[in-house]
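The primary structure of each chain is shown beneath.
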Amino acid sequence: MTKTDQPQVIIFDTTLRDGEQSPGATMTHEEKLEIASLLDEMGVDVIEAGFPIASEGDFAAVSEIAKRSKNSTICGLSRANLKDIDRCWEAVKHAKSPRIHTFIGTSPLHRAIPNLTMDEMAERIHETVTHARNLCDNVQWSAMDATRTEHDYLCRVVEIAIKAGATTINIPDTVGYTAPRESADLIAMLLERVPGADSVIFATHCHNDLGMATANALAAVDAGARQIECTINGLGERAGNTALEEVVMAMKVRNDIMPYRTGIDTTKIMNLSRRVSSVSGFPVQFNKAIVGKNAFLHESGIHQDGVLKNVETFEIMKPSDIGLMAKNIAMGKHSGRAALRAKLKELGYELADNQLNDVFVRFKALADRKKEVYDDDLIALVADEQTNDAHEFLQLKKLRVICGTEGPQEADMVLSVDGVDHHIDATGDGPVDAAFNCVKMLFPHKARLEIYQVHAVTEGTDAQATVSVRLQEDGRIVNGSSADTDTIVASTKAYINALNKLIVRRQKTAPGDDVKTITYHGE
Ligand code: KIV
Ligand code: ZN
């Protein structure tokens with residue numbers, strides 16, 4: 001069977017909805033638009049862009065993503081009530097290809113919360129799916145907690161949803177409870193028993209609570225599901241969702257036993273993984289399959305020797321398959337703008353001229369300070385450029401820190417606040433604390449620092465540090481990041497980056513907006 005004859009598996013990405021639901025993974029409006037456009041370019045079939053009724057911010061993001069979409073279908077989530085569905089349609093209707101996704105919890109535990117009898121719930125499903133289908137030709141219905149729903153009842157409600165006009169039926173493993181054989185059997189059972197099942201697409205939506213989300217999704221595909229719901233880096237509530245990169249690469253690498261095709265350009269995976277990690281503030285674990293820092297590293301002597309003699313001894317896929325270029329010394333201080341542009345293109349970044357100029361200036365400064373500039377250094381520079389805008393309300397102009405064994409540590413800072421430079425010094429419990437205290441004195445706020453993380457970009461004592469921070473103020477959550485060879489500078493810039501986002505968020509949203517108070521069972 002040639003690749004084009006193979007059944008296609010629809011890739012439904014929910015990074016911006018289920019992924020963003022991870023506590024703290026909130027993204028700004030601009031970040032959501034950027035991620036959606038990267039997903040669209042990568043060939044994702046359906047982008048679940050948000051939950052339009054959840055907040056004004058979600059609604060605005062879904063509408064704008066719908067307007068800008070090029071190839072992907074844009075989907076919004078809605079509970080099983082007419083108001084949610086109408087709001088969802090208002091947001092997705094701008095897309096070339098819109099989809100309404102409506103869901104209700106069908107298991108005994110979920111039925112008990114809205115206190116609906118089996119018959120009442122069946123009636124609600126009929127009414128809401130019919131309503132959605134009257135608005136949109138493309139309707140997905142999900143039986144939340146399907147894997148803990150009685151089979152007879154699941155068959156009954158799936159049949160109702162199909163008859164009411166659903167075109168995709170999603171069978172979520174909401175709490176990550178199932179296992180591969182059971183996941184496959186459930187899809188096979190529905191395909192066999194439900195009248196009209198062959199006229200719709202069955203989807204699998206798995207959570208990773210027992211570490212089986214990828215295996216469960218692939219097992220469901222083997223049994224006949226033709227849509228996988230997943231997120232970049234497996235981002236998502238609790239232990240996360242099925243990771244897009246894992247299912248896509250599994251079907252590519254083991255196409256001999258999983259003969260399915262997807263429309264994904266896998267060479268764009270690494271760039272997306274880095275961007276999602278940076279904007280969500282969720283680092284990728286080093287040994288994460290496919291996109292972890294160590295996924296293609298061979299530390300032990302035996303492995304290194306084998307890989308050098310024949311790369312296939314220990315590598316089942318090429319780093320370049322996911323857009324990871326060989327790690328080499330990228331550039332030196334004599335490299336010019338054209339070389340930088342070419343190198344960045346090779347790494348998957350096509351920058352506008354003004355952005356390239358800014359990155360070039362920073363690259364030269366870095367090359368002066370650092371002996372060798374690696375690909376990862378350039379990636380950190382670009383990420384920093386994309387995150388830290390020169391026109392922000394707060395800008396770090398100068399920082400000097402005195403630290404060492406004799407306290408107190410002291411910071412001396414010039415910070416531009418709304419275009420005016422202010423000078424201050426402060427002490428603290430360590431140099432980072434002293435620098436943050438300077439910022440707090442010049443820009444008083446009550447935001448609480450929830451996360452502060454430092455990572456070295458490359459090896460060596462002259463390595464750049466990337467720092468991410470998460471702040472929370474009145475229920476608004478923001479993530480900031482920055483990179484620099486000086487860890488204290490990177491930390492201060494990351495803190496300032498988060499504050500700049502907070503300032504924008506204060507203007508655009510009500511307090512508590514990021515703490516999604518919306519419940520899955522409410523009206
Ligand atoms: O996990 C789940 O059940 C969901 C539904 C809302 C589709 O995310
Ligand atoms: Zn989910």
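Because the structure is a prediction, the values reported are computed rather than measured.

Examining the coordination of the zinc ion (ligand 2)
- Summarising the metal site, the zinc ion (ligand 2) is bound by the protein donors Asp 18 (OD), His 205 (NE2) and His 207 (NE2), whose distances to it range over 2.0 to 2.2 Å.
- Going along the chain, you hit the donors of the zinc ion (ligand 2) in the pattern D-x186-H-x1-H. Within this pair, whereas Asp 18 is found in helix H1 (residues 15-19), its partner His 205 is found in strand S7 (residues 201-206), the two being separated by 187 residues in sequence. Neither Asp 18 nor His 205 differs from the other in exposure class; each is buried.

Digging into the site of ligand 1
- Residues in close proximity to ligand 1 include Arg 17, Asp 18, His 101, Phe 103, Ser 142, Met 144, Pro 172, Thr 174, His 205 and His 207, which together make up its full environment.
- In this structure, Asp 18 approaches ligand 1 through a side-chain N or O atom, which is 3.1 Å from an oxygen atom.
- Between ligand 1 and the protein, one listed contact pairs an oxygen atom with a side-chain N or O atom of His 205 at 3.1 Å.
- Here ligand 1 has 260 Å² of accessible area as a free molecule, and 99% of this is covered by the chains.

Side note on the pairing of strand S13 (residues 420-428)
- Sheet topology note: the strand S12 (residues 409-417)/S13 ladder contains nine bridges and is antiparallel. Within S13, the residue paired with Ser 416 across the bridge is Asp 421.
- Following S12, the chain reverses through two residues before pairing antiparallel with S13; Asp 418 in that reversal takes a positive phi of roughly 50°.

Comments concerning the packing of aromatic side chains
- Evaluation of the coordinates by the stated rule reveals six aromatic pairs.
- Ring centres 5.0 Å apart and planes at 70° place the aromatic pair Phe 103 and Tyr 520 in the edge-to-face group. One end of the pair, Phe 103, is in strand S4 (residues 98-105); the other, Tyr 520, is in the segment after helix H17 (487-508), and 417 residues separate them in sequence.
- By relative accessible area, which is 4% here, Phe 103 ends up buried.
- Ring geometry for Phe 436 and Tyr 495: centres 4.1 Å apart, planes at 5°, overall stacked. With a gap of 59 residues between them, Phe 436 in helix H16 (residues 431-442) and Tyr 495 in helix H17 connect regions that are remote in the sequence.
- Taking the relative accessible area as the measure of exposure, Phe 436 reaches 5% and is therefore buried.
- A relative accessible area of 2% places Tyr 495 in the buried class.
- Taken together, the aromatic side chains of Phe 51, Phe 103 and Tyr 520 make up a single cluster linked through ring pairs.
- Residue placement shows Arg 111 over the ring face of Tyr 153; its charged tip is 4.8 Å from the ring centre.
- In this structure, Arg 148 is placed above the aromatic ring of Tyr 177, and the distance from its NZ or CZ to the ring centre is 5.9 Å.

What about the sheet that holds strand S14 (residues 448-456)?
- If you walk across this open sheet you meet the three strands as S14-S15-S16, and the pairing is antiparallel. Whereas interior strands pair on both sides, the edge strands pair on one side only; in this sheet they are S14 and strand S16 (476-484). Looking at each pair of strands side by side, their axes are set apart by 15° on average, direction ignored.
- Sheet contacts for H17: S14, strand S15 (465-473) and S16; angle to S16, the most-contacted strand, approximately 150°.

A word on the environment of His 151
- Mapping His 151 onto the fold places it in helix H7 (residues 151-164).
- With 35 residues separating them in the primary sequence, His 151 and Leu 186 have C-alpha atoms 8.3 Å apart.
- Once residues within four sequence positions are removed from consideration, His 151 is found in contact with Leu 186, Met 189 and Arg 193.

Concerning unusual backbone geometry
- Here the bond from Gly 407 into Pro 408 is cis, since omega is -10°, no more than 30 degrees from zero.
- Within the fold, Pro 408 resides in the loop between strand S11 (394-402) and S12.
- In the Ramachandran plot, Asn 115 falls in the positive-phi region, its phi being about 55° despite a non-glycine side chain.
- Topologically, Asn 115 is positioned in the loop between helix H5 (108-112) and helix H6 (118-135).
- Using a relative accessible area of 64% as the deciding quantity, one classes Asn 115 as exposed.
- The backbone phi angle of Asn 233 is positive, close to 65°, even though this residue is not glycine.
- With a relative accessible area of 14%, Asn 233 lands in the buried category.

Some words on the domain arrangement of the protein
- Looking at the assigned domains, one finds that the protein contains domain 1 (11-280), domain 2 (327-387) and domain 3 (394-508).
- Between the C-alpha centres of domain 2 and domain 3 there is a distance of 24 Å.
- Around 970 Å² of area is buried between domain 2 and domain 3 when both sides are counted, 45% of it from carbon and sulfur atoms.
- Inspection of the region where domain 2 meets domain 3 yields two salt bridges.
- A salt bridge links Lys 493 to Asp 384, with the nearest nitrogen and oxygen atoms 3.6 Å apart.
- Taken together, the links from domain 2 to domain 3 amount to five residue pairs in polar contact (both at pLDDT 80 or more).
- Those elements that place two or more of their residues in the side of domain 2 that touches domain 3 are helix H14 (353-369) and helix H15 (375-387).

Topic: the packing of helix H2 (residues 29-42) against helix H11 (residues 269-280)
- Where H2 contacts H11, the two axes come as close as 11 Å, and the packing angle between them is 165°. With respect to H11, the axis of H2 lies roughly antiparallel. As H2 packs across H11, the resulting crossing turns out to be left-handed. Contact with H2, carried on its side by Glu 31, Glu 34, Ile 35, Leu 38, Leu 39 and Met 42, involves Ile 269, Asn 271, Leu 272, Arg 275, Val 276 and Val 279 of H11 and no other residues of that element.
- Grouping the constituent residues of the contact of H2 with H11 by class yields eight nonpolar, one polar and three charged.

Brief notes about a nonpolar patch on the surface
- On the surface, a nonpolar cluster with roughly 230 Å² of combined accessible area is contributed by Leu 449, Tyr 452 and Val 454.
- By secondary structure assignment, the location of Val 454 is in strand S14.

Rules used throughout
Residues numbered from 1 in each chain as written. Chains lettered and ligands numbered in written order. Predicted model: local features only at pLDDT ≥ 70, side-chain atom pairs only at ≥ 80, totals over all residues. Heavy atoms only, no water. Donors = N, O, S within 2.8 Å, 3.2 Å for Na, K, Ca; no water. Helix = DSSP H or I, 4+ residues; strand = E, 2+ residues; numbered from the N terminus. Buried < 20%, exposed > 50% of the residue type's maximum accessible area, 1.4 Å probe, protein only. Near = heavy atom within 4 Å. Polar contact = N/O pair within 3.5 Å; in protein donor to acceptor, adjacent residues only side chain to side chain. Areas by Shrake-Rupley, 256 points an atom, 1.4 Å probe, with all protein chains shown as cover. Pairing = 2+ DSSP bridges. Phe/Tyr/Trp six-rings, centres within 6.5 Å; stacked < 30°, edge-to-face > 60°. Lys NZ or Arg CZ within 6 Å of the ring centre and 35° of its normal. Axes fitted to C-alpha atoms, helices over the stretch in contact; angles between N-to-C directions. Contact = heavy atoms within 4.5 Å. Domains from an automatic or database assignment. Buried area = accessible area lost by both parts, 1.4 Å probe. Salt bridge = Lys/Arg side-chain N within 4 Å of Asp/Glu carboxyl O. Parallel < 35°, antiparallel > 145°, perpendicular 65-115°, else oblique. Left-handed = near helix turned anticlockwise from the far one by under 90°. Nonpolar A, V, L, I, M, F, W, Y, C, P; charged D, E, K, R; others polar. Patch = residues over 30% accessible without salt bridge, like charges linked within 9 Å, V, L, I, M, F, W, Y side chains within 5 Å.

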